[in-house]
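Working through the structure, step by step
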Amino acid sequence: MDEPKLKIENKTVESIPAVTIRFAGDSGDGMQLVGTRFTDTSALFGNDLATLPAFPAEIRAPQGTIAGVSSFQVQIADFDILTPGDNPEVLVAMNPAALKAHLHDLAPNGMLIINEDAFEEKNITKAGYKIDPRESGELDGYRVFEVPMEKLTKEALKDSEIKGRAILRSKNMIALGLISWVFNRPLEDTINWLNKKFEKLPEVADANIKTLKTGYNFGITVEAFHHTYVVEKAALPTGEYTNINGNIGLSWGLIAGAKLSNLELFYGSYPITPASDILHELSKHKNFNVITFQAEDEIAAAAATVGASFTGKLAVTGTSGPGLALKSETISLALSAELPMVIVNVQRGGPSTGLPTKPEQSDLLFALYGRHGESPLPVLASRSPSHAFYTAIEASRIALKYMTPVILLSDNYVATGSEPWKLPDISDLPSLTNNLTTTNNSKDGFLPFHRDMTTFARPWAVPGVPGLEHRIGGLEKEEGTGNVSYDSANHQYMTDMRAWKIANIANDIEPLELNGDEKADTLVLGWGSTYGGITQAVNRLNEKGVKVASAHLTFINPFPDNLGEILSNFERIIIPELNTGQLIKLIRERFLIDAKGINKVAGEPFTAQELAEKIEEKINE
Amino acid sequence: MSKVPVNYKRTDMQSDQEVKWCPGCGDYTILASVQSFMAELGISKEKMVFVSGIGCAARFPYYMNTYGLHTIHGRAPAVATGVTLSNPDLSVWVVSGDGDSLSIGGNHLIHALRKNVNIKILMFNNQIYGLTKGQYSPTSEEGKKTKSSPFGSVELPFNPMSVALGAEASFVARSVDMDRDLTTQVLQEASTHKGSAFIEIYQNCNVFNDKAFEQLTSKEGRVANRINLVHGEKVIFGAEDEFAVTIENGEAKIAKRTDIDDSQIYVHDITRENPSVAFSLSRLSHGPYGPTPMGVFRKVQRETYNEDVMKQIDFAKDSKGDGELDKLVRSLGTWDVK
C-alpha cells in the first residue's frame, strides 16, 4: 500500500508554460528580497527565468507614497525566455500606493493579491486615491485576493522574541509563503537561506521562517487558493547553471580577463548607482590578487587606473553616466598615451542625475564621441547578465591586444536583472595576449611608440623593467621615440594611426549573426540590453507569419566587418533603442540607409509585446 | 624597498631631452638637486617613476632618465597612487606646482596625504601660473596684480604647510630652489619616510613673478628671515641668533632671546604624533614674508595605504586560497539541467 499523503481537498494543480509575477510594496517592505528568493527557488527548480527589479533612487522615500514604491518582476517559464515578461499575470501589492503604481500593468483577469491591512484611509489618501479602490470598481476584471498580512504576521509571532513594530518587518514572508503555495514551490531553500543569513540572530531567522510558513499555510487553509499552478522545468540545454545579474557577470568577467591574461586586476571606482555593485563584488575577491581602489572622486578613480595600466595591470574603472563625463579627460590621456584600460559605464537615465535607478541607452554617442580631440576608441555593449561576463573578457582582450582604452557599456536593466547562466568550461576560455615587453627594440634605446605592424599596438614596458625607462604623457608623441613632438606631419600621422588602429579591430571581432527569417525584407537591428525584447518580439512575429529578422551588435565601434553586407540584404532597417535615436545616427551616417527608429526613454525596458506591435506598424507603414 | 648598491652619476639621471624651461627659472636648480640626489639614492633607476600633472613643473619627468608619466592637470597624485599600488617596490615621485596641487588637484593632494599613500610629492611653489602666462594662483598674495587680477587679487592664499598638516600628512617639509643643500636634506628625509611626503619648494619664476622669495634668498633676507627647523635642536634664528621660537598655550611665537630664558625655546621634534605644534609653526608666516620656517615640519610613522591594501590581499589568499575561476562562477550556488 502506498504511504498515506496529506491531501488538500479540492486542490487542483494547473500546469502553465510561464508566468510573470510582480511584487510591489514600500521600499522598506522587502520586495527585492521576496522577488530574489522566489527567483532563486525557481532557478533551483529548473525554470528558465528573467527578472526586472525596480526601485526608487531614494533609500527610504516617504512611506506609503507612490514615490516610495519598489517592485520586483520575475518571469519563470518551462521554455527558453529572454525577457522578464510583459504584463504580469500576478501582482502582489503590499499597500495602496503599490496598487496604484502597478495595477495598470496587470494583465486582464490577472491575479491580484493585496495586503488588506494596509488599506487604511490614511494610506489610501497618501496613494492619491479619493475612494478606496476596493470599492470603486476599478478592481473589476481581476481576480482579487485580500490577505490580512499584518494580522497574520502578528498572530504568527505573538510568542516570538521579536516585539513591537519590528514584528511587521516579516510581513513580506507572508507574501512569499503564499506565492510559494500558489506556484507549488518548496520552502526549504528559503528556510536554509534565512538560517544562514541570520546565523547570529536566530530569533530573526525563526520569526521569518514562522511567517513564511504562515503565508504558505494560509494558502492551504483558504479555499480561494486551492487552484494552484506549476511551471515545469525548462528544457534548457543540459549543463550546470547558476543565476547571475549583470553586475556580477561583469565583475566575474573582469576577474576572468585578468586570469586569462596572466595579469592582476586593478579596479578604480567611486560609488555611483547602479555601478557600485561591481566595486562591491570585486572587493570580495582579493584572493584573485584584485586591487579595488575606492577613490576620492570619479576622476581619481580613472587617473589611478591609468597609473595601474602604466605599471602593468589589467586596469579597469567603472561608473555610470555622470561619472563617465568626469572621466572623459582621463580617458583621452590613456588614449593618447596608448595604454590599455577598460572603462565600464552602467548606463542610467540622464541627463545629469536623471533617473539613477532606471535603464536607458542614452550614453552611446557620449561613449563614442564624448572626448576632446580626435579620440576614437572601441565601444562594446553587454546584452544580458551572462553576456556581461563574456563582454568583460572581450573588452579586456581588445584593450590589452591593441593598447587602447575600451568602453564597455551595460545598463541598469542588464546590471540588476538576472537570468540562469549555463556555466562555461573555464578551460575553454581563450587566453589573452598583451604587449608587455622586457627587451629593447632598438640599438639606439627603447622606442615606446615603435608599433607592431599587425595590430599597430605599441610595446608595453612597465616600471621595474631595466633598460626600458621611458617618458610619455598627454603631449603629442613622436612615432617611434615617444618624445614630445609638435611637428605637424607627425601629428597628422599619429591622429590617422590612432584612428586606423581602432578601425582595424573590425577584422578581429565576431561577425554579426542573423536571427529569424533570413529571407525577410525587414531587419531589426539593436545593441545592448534591448536584445531580449527584440529577439522575443521577432520570434513572435515569425510565429505569426510576419517576415522579419533581427541582429544584435556587440561592438558599436568598430562595427563588425559584415554589417554593411547584412544591411544591404534588407529593404527595411528598424532600430529600437532606449534613447531618442543614437545607433540610428551612426548607421545612417556610415551606410547612408534610411533606417527607422523605435525609441523610448520612459525609464523602463521595452516589452516584447510593445516591440512586436511597433515593428509590425513600421513594416506596414 | 630593496636598496641595491647602485652608483650613478648625475648625468646618468639626465634624459636625452633638451630642458625647455625659461632661462633663469628656479626649476633648473631643483632639477639639478633632484638628479644629484636620485643618483645617490641607491635604487636602480628602472624602479624610479616620476609622475606629473600640468604646468611648468610638470615637464620634469621628461628630463629624468627614469620611468615617467606626464598626465593631466591636478591628477598626478591619483595616477601615482595607481602606480604605487600596482608595484609597491617602486620609488614614486610626483612633481607638481601650486596651481596643479592646490587648485585643480587639491582634492587628490589631500586624499593621497590622508591615506598615507607611499608617494613623495614635490610641489614647486612659484605663487603664479607660469605656463598660462601669469595669472594669480592659490598661493599668490592678496592684492597681487596679474593679467587676471588687474585690480589685485581678492583671495586669501593657501598656506601649503597648513593644508598638508590639516590633511593628516605624515611628512611635511619646505625648501627653496636656491638652497640645494636644504633641498637635498629634505629629499633625503622624505626618501626614508614610509608613506606620503609633501615637500613644498619655493621656486622663483623669473618671468612672471620674479623675486617673490627674495626675503628668504637675498643675502640679508636669508640670514634674517629663515627659521631653520632641525630635529632635536632649539629653534633660534636671526643674523646673530637673536630670535627664538617658543610654544605658548600651543601657539608658536617669535621672541627676542633677551626677553626669554633659553629653557623656554622650543626644541623641534618632527616625530610628535599630534600635528598641532607643527601646524602652529606653519602659521608663523603666511607666505615667504618675514621670518619663515624651513626644513622638516613633521615626520611620523603610520601604516601606509600600500601596506594595508597588500595585507588584505595576503589575508584573503591565506584564508581562502588563491582564487580559482571554477570556484568563483559556482559561488552563488548551481543546479544541473539533465
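Residues numbered from 1 in each chain as written. Chains lettered and ligands numbered in written order. Predicted model: local features only at pLDDT ≥ 70, side-chain atom pairs only at ≥ 80, totals over all residues.

A tally of helices and strands in chain A yields 20 helices and 23 strands. Against the 2.2 N^0.38 benchmark of 25 Å for 621 residues, chain A shows a C-alpha radius of gyration of 27 Å, consistent with a compact globule. Counting only C-alpha atoms and orienting by the principal axes, one finds that chain A spans roughly 90 × 60 × 60 Å. Counting every position in chain A, which comprises 621 residues, the buried fraction comes to 55%. Contacts in chain A between residues far apart in sequence, at least 24 positions, make up 76% of those at least 6 positions apart. (Helix = DSSP H or I, 4+ residues; strand = E, 2+ residues; numbered from the N terminus. Rg over C-alpha atoms; globule rule 2.2 N^0.38 Å. Buried ≥ 20, exposed ≤ 12 C-beta atoms within 10 Å, placed from the backbone. Contact = placed C-beta atoms within 7 Å.)

Turning to the confidence of the model for chain A, a few remarks are in order. Taken residue by residue, chain A gives an average pLDDT of 95. The fraction at 70 or more is 98%. A low-confidence stretch, residues 1-5 of chain A (pLDDT under 50), is modelled with 0 contacts involving residues beyond four sequence positions or located in other chains. (pLDDT = per-residue confidence, 0-100.)

Attention shifts here to the sheet that holds strand E10 (residues 251-256) of chain B. Residues and elements named next belong to chain B. With respect to topology, 3 strands assemble into an open sheet ordered E8-E9-E10, the strand pairing being antiparallel. Of all the strands in the sheet, just strand E8 (236-237) and E10 have a single pairing partner and so form its edges. With 2 bridges connecting them, E8 and strand E9 (residues 243-248) associate as antiparallel partners. Bridge pairing in E9 places isoleucine 236 opposite alanine 244. (Pairing = 2+ DSSP bridges.)

Within helix H2 (residues 76-86) of chain B, 11 of the 11 residues are buried, leaving the element largely enclosed by the surrounding structure. If you check which residues of H2(B) are buried, you get Ala76(B), Pro77(B), Ala78(B), Val79(B), Ala80(B), Thr81(B), Gly82(B), Val83(B), Thr84(B), Leu85(B) and Ser86(B).

Turning next to the domain arrangement of chain A. Each assigned domain of chain A is listed with its residue range as follows: domain 1 (12-230), domain 2 (242-428), domain 3 (435-491) and domain 4 (514-620). Its C-alpha centre places domain 1 of chain A at a distance of 61 Å from the equivalent point of domain 3 of chain A. (Domains from an automatic or database assignment.)

We now examine the environment of Asn107(B). With respect to the helices, strands and loops of the structure, Asn107(B) is situated in helix H4 (residues 106-115). C-alpha separation for the pair Asn107(B) and Arg10(B), spaced 97 residues apart in sequence, amounts to 34 Å. The contacts of Asn107(B), once residues within four sequence positions are left out, are Glu296(A) and Asp297(A).

It is worth spelling out the interface of chain A and chain B at this point. At the junction of the two partners, chain A supplies 58 residues and chain B supplies 53 residues. Residue assignment for the side of chain A that touches chain B shows that the elements contributing at least two residues are helix H1 (31-45), strand E9 (239-245), helix H9 (246-260), strand E10 (265-269), strand E11 (291-294), helix H11 (298-310), helix H12 (321-337) and strand E17 (471-473) of chain A. Counting residues per element, the side of chain A that touches chain B draws most heavily on H11(A), at 9 residues. Looking at side-chain class alone, the side of chain A that touches chain B contains 30 nonpolar, 19 polar and 9 charged residues. Examined bridge by bridge, E9(A) and strand E12 (residues 335-337) of chain B share 3 bridges and lie antiparallel to one another. The residue of E12(B) that forms the bridge with Gly239(A) is Val337(B). (Nonpolar A, V, L, I, M, F, W, Y, C, P; charged D, E, K, R; others polar.)

Below, the discussion takes up the sheet that holds E10(A). Residues and elements named next belong to chain A. With mixed pairing, the 7 strands of this open sheet are ordered in space as E11-E10-E12-E13-E15-E14-E21. Where the open sheet ends on each side, the last strands, each with one partner, are E11 and strand E21 (555-557). Shown here is a sheet whose adjacent strand axes are inclined to one another by a mean of 20°, direction ignored. As paired strands, strand E14 (residues 379-381) and strand E15 (residues 405-411) are joined by 3 bridges and run parallel to one another. Within E15, the residue paired with valine 379 across the bridge is isoleucine 407. (Axes fitted to C-alpha atoms, helices over the stretch in contact; angles between N-to-C directions.)

This next bit is on the packing of H1(A) against helix H6 (residues 171-182) of chain A. Residues and elements named next belong to chain A. Contact pair H1 / H6: the axes reach a minimum separation of 9 Å and the direction vectors enclose 25°. Comparing the axis directions of H1 and H6 gives the class roughly parallel. Of the two elements, H1 crosses H6, and the hand of that crossing is right-handed. For the pair formed by H1 and H6, the contact residues are Met31, Leu33, Val34, Arg37 and Phe38 on the first element and Asn172, Ala175, Leu176 and Ile179 on the second. Here the contact of H1 with H6 is built from residues that sort into 7 nonpolar, 1 polar and 1 charged. (Parallel < 35°, antiparallel > 145°, perpendicular 65-115°, else oblique. Left-handed = near helix turned anticlockwise from the far one by under 90°.)

On to the pairing of strand E5 (residues 90-93) of chain A. Residue and element names in this part refer to chain A. Judged by which residues are buried, E5 turns out to be covered on both faces: Val90 and Val92 on one side and Leu91 and Ala93 on the other are all buried. For strand E2 (residues 18-26) and E5, the ladder comprises 4 bridges, and the chain directions are parallel. Its bridge partner lying in E5, arginine 22 is registered against leucine 91. Bridge count for E5 against strand E6 (residues 111-115) is 4 bridges, and the pairing is parallel. Opposite alanine 93, over in E6, you have isoleucine 114 as the bridge partner. For the crossover from E5 across helix H2 (residues 96-102) to E6, the handedness is right-handed. (Right-handed = clockwise from strand over helix to strand, strands pointing away.)

Residue and element names in this part refer to chain B. Between its terminal C-alpha atoms helix H1 (residues 26-39) stretches 20 Å, which fits the 20 Å expected from 14 residues at 1.5 Å a residue. Turning to H1, its buried residues number three or more, namely Gly26, Asp27, Ile30, Leu31, Ser33, Val34, Gln35, Phe37 and Met38. On the buried face of H1, the contacting elements are strand E1 (48-52), strand E4 (120-125), helix H6 (180-191) and strand E6 (197-202). (Expected span 1.5 Å × (residues − 1).)

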